[in-house]
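A closer look at the structure
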Amino acid sequence: MKRVGVFICHCGTNIAQTVDCEKVAKMAGGLPQVAFSTDYKYMCSEPGQQVIINAVKEHRLDRVVVASCSPRMHEPTFRKTLEKAGLNPYLLEMANIREQCSWVHQDKEKGTAKAFDLVKMAVAKVLKNEPLSRSSIPIHKRALVIGGGIAGIQAALDIADAGYVVDIVEKEPTIGGRMAQIDKTFPTMDCSACILTPKMVDAASNPNINLLTYCEVEKVDGYVGNFDVTIRHKARSVDMNKCTGCGTCWEKCPTRVASEFDMGLGTRKAIYTPFPQAVPNKPVIDRENCLYFKTGKCGVCQKVCPTGAVDYTQEDRLETVRYGAIVVATGFDLFDESVYGEYGYGRYPDIISGLHFERMINASGPTMGKIKRPSDHTEPKTVVFVKCVGSRDEAKGKPYCSKTCCMYTAKHATLVREKIKDSQAIVFYMDVRTPGKNYDEFYQRAVNEYGVQYVRGRVSKIYQSHGKLIVRGEDTLLGRPVEVEADMVVLATAMVARGDAGELARKLGISYDQHDFFTEAHPKLRPVETHTAGVYLAGTCQGPKDIPDSVAQASAAAAKVCALLSREEMPTEPVVSAVNEAVCSGCGLCISICPYKAIELKTISERVHGKTRERQVASVNTGLCQGCGACTVACRSGALNLKGFTNEQILAEVDALCL
Amino acid sequence: MSVGLNAEKQGTGQKAWEPKILVFACNWCTYAGADLAGLSRLQYPPNIRILRVPCSGRVNPQFVIRAFQKGLDGVLVAGCHPGDCHYSTGNYFTRRRYLLTKRLLEYMGIDPQRFQVRWISGSEGPKFQQVVTQLVEEIKAMGPNRKMRDPE
């Protein structure tokens, strides 16, 4: 005979004004197997919990129902109370008579009847509850950071400083990411390289950090604390151990191709490092463009290399490493601005994107920091900036705001005015958004001190005439059309998710939104976690961000990783699926339905009529199972059941309601 | 089908018939949405009873059939919006099972409109209120579910 205790909470007057708590307690006392019931003003308070503890001891209760607020609020509280009373914490059920009853109904009679129904359901369920216990899984103390931009570098540095080994996987030959392409940073006008490259060197020289550049994540198996990640080391064709980075090879290489790092404004060789401050400063051979790989006839770099580091026979190598936690910091791509045919991007060479402008104005860039028209290399006198190209445009682009463009456009316009004294900088804008420390001051300075002209209105067309770019738009504040003869146009293009974001999300088992940005577990309270335990987010792979936000989030992700890695093992939720092997037919339908790959087939041997025979049954990995219960419905033989939400428990609730 | 449509009120002199409706709510979205409705004091008819499940994908159609068999007048299964499932894919299974379950109920002679599936996120308190209010009204119009009730 089970002995259930029922505790009805008044929640001050929150519940008591619509529900007759004393009456419900009295009625509950009459339910079969309920040994004790009472009501109290605040059940969650210290004395309220003591009421439960005393009653459990005095009345030898073995199950508890608390009728109060939402279990999402106080289930952990009352589970602890049960533990203190010497009961298994999973022998608790809660009836939500506040959010679902007193707060949404006014009629006291109906409210009381409904509250009693909810209590009946909880009692029926708790009678079927079994004690559950948490198991624990070991934590492998090594972290993986995917992406070597500023967010990835910061996360890795913070994790390494806490004393854990961390690997950065970067698909490019060097770390640095987008920030390395930028010239100056708003609002301080710090030189990007001056603040980034020391951090790159820190990362490279930190004994706890391994840089895996020119590598990609191939496959992710396992679960929190024990991810088995297969990493593809792409063939560099250069032996990293022998190479000294002297540069003889790329000086002699005869092949020139457009440099991706310079956004196609400059060139690089077929054996190259993306930029002079690259870390590691060791080249790779771009096999698609290398003469040796195309024709088999060059081989100059191998001949001139003083250390014999060039190795054309290298092949991609796969390596599987175990990690306890993963930080995703894969960054962003730029919106394809050629979607806007009316802006003429791609048709006229003097229409460039913001990132092109960054390369152009960068002292180590293709023009050595001189602002030049790409078409004839002359200095532009009138530069027009068009904001929100792709951002905040549901028709052609993305509906969201890319967050950084207002500020970098103000920065670009300032730089134009600073570098070319007799110049004009005109910005076409929809809104100016400058939320951030010292951001609005920066924008005001561009307008007031540097004399940047802001015109509110969208640009409708840009075309070329007599060597000038005619920018047509409307000044919506003055309500009249505007036409500007410009020498160069800079489009502030939207930040979009990486093209392969969806693919990586599937490998990691994390979710992504309609724009392919990775989704955080909760937009306000869990902004760096994903729904997959042990996988964290940093930087623009989650959504548009500027550098301070990316760095802050990276440090936050690192803190989460360190908290996880600081433990030897972590407790698992006991609400997981369980297999009744006697009934399981081993059909494997549950395997395909499980989103966490938590179910496998295993072979068991059993004795039937005196003979031993082997057969396959499903087996649940409790470390991977998250307790959704989808498998229990798919199972034809009903062999799977979800602990804590068993078929028997749910049906008992349904029956209790129907009585 | 729609046997309940013309059903008269139970007995005379008794209280007017009120439908009893079971709501299976997923823990992560709809249950939180119902909590938000409560927190915002959004009033709705007291005819519904919420049964918490981890995921709408946990709801076995057998539970729905049992509810009708035991005399409930309506069943709602509610979970996260497709694409937003806490468990990535659970509500896609719900969606498919919903269509099949509707067909099955129709075959059994139960108005399939008595069984509904809705997507209500944790931030959609007003939507929760609106969905259950509408559901209660619809079921009221249909009258009591007689077909599968155990003989009294």
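**Some points on the overall build of chain B**
Helices and strands together make up the secondary structure of chain B, namely four helices and four strands. Of the regular secondary structure in chain B, the N- to C-terminal order runs β-α-β-α-β-α-β-α. Here chain B holds 152 residues, and 57% of them are scored as buried. As displayed, chain B offers around 6600 Å² of accessible surface, 52% of which is attributable to carbon and sulfur atoms.

**With respect to the sheet that holds strand β11 (residues 215-223) of chain A**
Residue and element names in this part refer to chain A. In spatial order, the strands read β11-β12-β17; together these three strands make up an open sheet with antiparallel pairing. In this open sheet, the two strands that pair with only one neighbour each are β11 and β17 (317-323). Shown here is a sheet whose adjacent strand axes are inclined to one another by a mean of 20 degrees, direction ignored. Relative to strand β12 (residues 226-233), β11 runs antiparallel, the two sharing eight bridges. If you follow Lys219 over to β12, its bridge partner there is Thr230.

**Re empty space enclosed by the protein**
As enumerated under the stated definition, the model contains 10 cavities of 30 Å³ or more in all. Within this model, the largest cavity holds a volume of roughly 200 Å³. Of all the elements in the fold, those that place two or more residues in the lining of the largest cavity are α3 (71-84), β4 (92-96) and α5 (108-128) of chain A together with β2 (48-53) of chain B. Per-class residue counts for the lining of the largest cavity are nine nonpolar, two polar and five charged. Of the voids in this model, the second largest cavity is the one considered here, and its volume is about 100 Å³. As for the second largest cavity, its lining consists of 16 residues, of which Cys243(A), Cys246(A), Cys249(A), Pro283(A) and Cys305(A) are closest to the centre. Among the elements that line the lining of the second largest cavity, the one with the most residues is helix α8 (residues 248-252) of chain A, at three residues. For the lining of the second largest cavity, the residue count by class is 11 nonpolar, five polar and no charged.

**Topic: the sheet that holds strand β6 (residues 142-146) of chain A**
Residues and elements named next belong to chain A. Pairing in this open sheet of five strands is parallel, and the strands run β10-β7-β6-β18-β29 from one edge to the other. At either end of the open sheet lies a strand with only one pairing partner, and these are β10 (209-213) and β29 (535-537). Taken over all neighbouring pairs, the strand axes of this sheet differ in orientation by 20 degrees on average, direction set aside. As judged from the four bridges shared by β6 and strand β18 (residues 325-328), these two strands associate in the parallel manner. Of the residues in β18, the one forming a bridge with Ile146 is Val328. Of the strands in this sheet, β6, β18 and β29 touch helix α15 (residues 547-565), which is tilted by about 165 degrees from β29.

**Quick word on the side chain of Thr18(A)**
With respect to the secondary-structure elements, Thr18(A) resides in the loop between β1 (4-9) and α1 (21-29). Apart from the residues lying within four places of it in its own chain, the contact partners of Thr18(A) are Ser102(A), His105(A), Gln106(A), Asp107(A), Lys108(A), Gly111(A) and Thr112(A).

**Here we look at the packing of aromatic side chains**
Counted according to the given criterion, the structure contains 17 aromatic pairs over all chains. Between Phe293(A) and Tyr312(A), the ring centres sit 5.8 Å apart and the planes meet at 85 degrees, which makes this aromatic pair edge-to-face. Here Phe293(A), found in helix α9 (residues 291-295), pairs with Tyr312(A), found in the loop between α10 (300-304) and β17; they are 19 residues apart in sequence, far enough to count as distant. Residue classification places Tyr312(A) among the buried residues on the basis of a relative accessible area of 9%. On the numbers, 5.8 Å between centres and 55 degrees between planes, the contact of Tyr98(B) with Phe115(B) is tilted. With a gap of 17 residues between them, Tyr98(B) in helix α3 (residues 90-108) and Phe115(B) in strand β4 (residues 115-119) connect regions that are remote in the sequence. Directly above the aromatic system of Phe332(A) lies the positively charged group of Arg178(A), at a separation of 5.2 Å from the ring centroid.

**Examining the pairing of strand β3 (residues 74-79) of chain B**
Residue and element names in this part refer to chain B. The element β3 is extensively covered by neighbouring structure, given that six of its six residues are classed as buried. With burial as the criterion, each face of β3 is covered, one bearing Gly74, Leu76 and Ala78 and the other bearing Val75, Val77 and Gly79. Note that strand β1 (residues 21-26) and β3 share five bridges and pair parallel. Each residue of the ladder has a partner; that of Val23, found in β3, is Leu76.

**A short note on the interface of chain A and chain B**
On the side of chain B, 44 residues touch chain A, which itself brings 43 residues to the contact. Approximately 3900 Å² of surface area, both sides summed, lies buried where chain A meets chain B, with 58% of it carried by carbon and sulfur atoms. Considering only the side of chain A, the residues that lose the most area to chain B are Arg72(A), Trp103(A) and Val633(A), jointly responsible for 16% of the buried surface there. There are five salt bridges connecting chain A and chain B. Between Asp35(B) and Arg72(A) there is a salt bridge, and its shortest N-O distance comes to 4.0 Å. Along the contact surface separating chain A from chain B lie 18 residue pairs in polar contact (both at pLDDT 80 or more). Ranked by residues supplied to the side of chain A that touches chain B, first place goes to helix α18 (residues 647-658) of chain A with eight residues. Split by residue class, the side of chain A that touches chain B holds 20 nonpolar, 14 polar and nine charged.

**Here's the deal with helix α1 (residues 30-39) of chain B**
Note that an α-helix has 3.6 residues per turn; residues three or four places apart therefore point the same way. Most of α1(B) sits inside the fold, with eight of its 10 residues counted as buried. Restricting attention to buried positions, one finds in α1(B) the residues Thr30(B), Tyr31(B), Ala32(B), Gly33(B), Ala34(B), Asp35(B), Ala37(B) and Gly38(B).

**Observations concerning helix α6 (residues 150-161) of chain A**
All names here are of chain A. Taking 1.5 Å per residue, 12 residues should reach 16 Å; α6 reaches 16 Å between its end C-alpha atoms and fits that length. Of all 12 residues making up α6, 10 are buried, and the element is well covered by its neighbours. Taken residue by residue, α6 has Ile150, Ala151, Gly152, Ile153, Gln154, Ala155, Ala156, Leu157, Ile159 and Ala160 as its buried positions. At its buried positions, α6 is contacted by β6, β7 (165-170), α7 (192-205), β10, β18 and α15. The first or second residue beyond α6 is Gly163, which carries a positive phi of 100 degrees.

**Let's talk about the pattern of salt bridges**
Residues and elements named next belong to chain A. Per the stated rule, a full pass over the model turns up 45 salt bridges over all chains. Between Glu573 and Arg134 there is a salt bridge, and its shortest N-O distance comes to 3.2 Å. Of this pair, Glu573 sits in the loop between β30 (569-571) and β31 (577-579) while Arg134 is found in the loop between α5 and β5 (136-138), placing the two residues 439 residues apart along the sequence. Given the relative accessible area of 41%, Glu573 is considered partly exposed. Across the salt bridge formed by Arg268 and Asp286, the nearest N and O atoms sit 3.0 Å from each other.

**As for the side chain of Thr38(A)**
Along the chain, Thr38(A) falls in strand β2 (residues 34-40). When sequence neighbours within four positions are dropped, the list of residues in contact with Thr38(A) reads Val6(A), Phe7(A), Ile8(A), Ala25(A) and Val51(A).

Cut-off values and rules
- Residues numbered from 1 in each chain as written.
- Chains lettered and ligands numbered in written order.
- Predicted model: local features only at pLDDT ≥ 70, side-chain atom pairs only at ≥ 80, totals over all residues.
- Heavy atoms only, no water.
- Helix = DSSP H or I, 4+ residues; strand = E, 2+ residues; numbered from the N terminus.
- Buried < 20%, exposed > 50% of the residue type's maximum accessible area, 1.4 Å probe, protein only.
- Areas by Shrake-Rupley, 256 points an atom, 1.4 Å probe, with all protein chains shown as cover.
- Pairing = 2+ DSSP bridges.
- Axes fitted to C-alpha atoms, helices over the stretch in contact; angles between N-to-C directions.
- 1 Å grid on protein atoms, 1.4 Å probe; cavity = no way out; pocket = protein on both sides within 12 Å on 5 of 7 lines; lining within 4 Å.
- Points joined across faces, edges and corners; volume = space filled by probe spheres on them.
- Nonpolar A, V, L, I, M, F, W, Y, C, P; charged D, E, K, R; others polar.
- Contact = heavy atoms within 4.5 Å.
- Phe/Tyr/Trp six-rings, centres within 6.5 Å; stacked < 30°, edge-to-face > 60°.
- Lys NZ or Arg CZ within 6 Å of the ring centre and 35° of its normal.
- Buried area = accessible area lost by both parts, 1.4 Å probe.
- Salt bridge = Lys/Arg side-chain N within 4 Å of Asp/Glu carboxyl O.
- Polar contact = N/O pair within 3.5 Å; in protein donor to acceptor, adjacent residues only side chain to side chain.
- Expected span 1.5 Å × (residues − 1).

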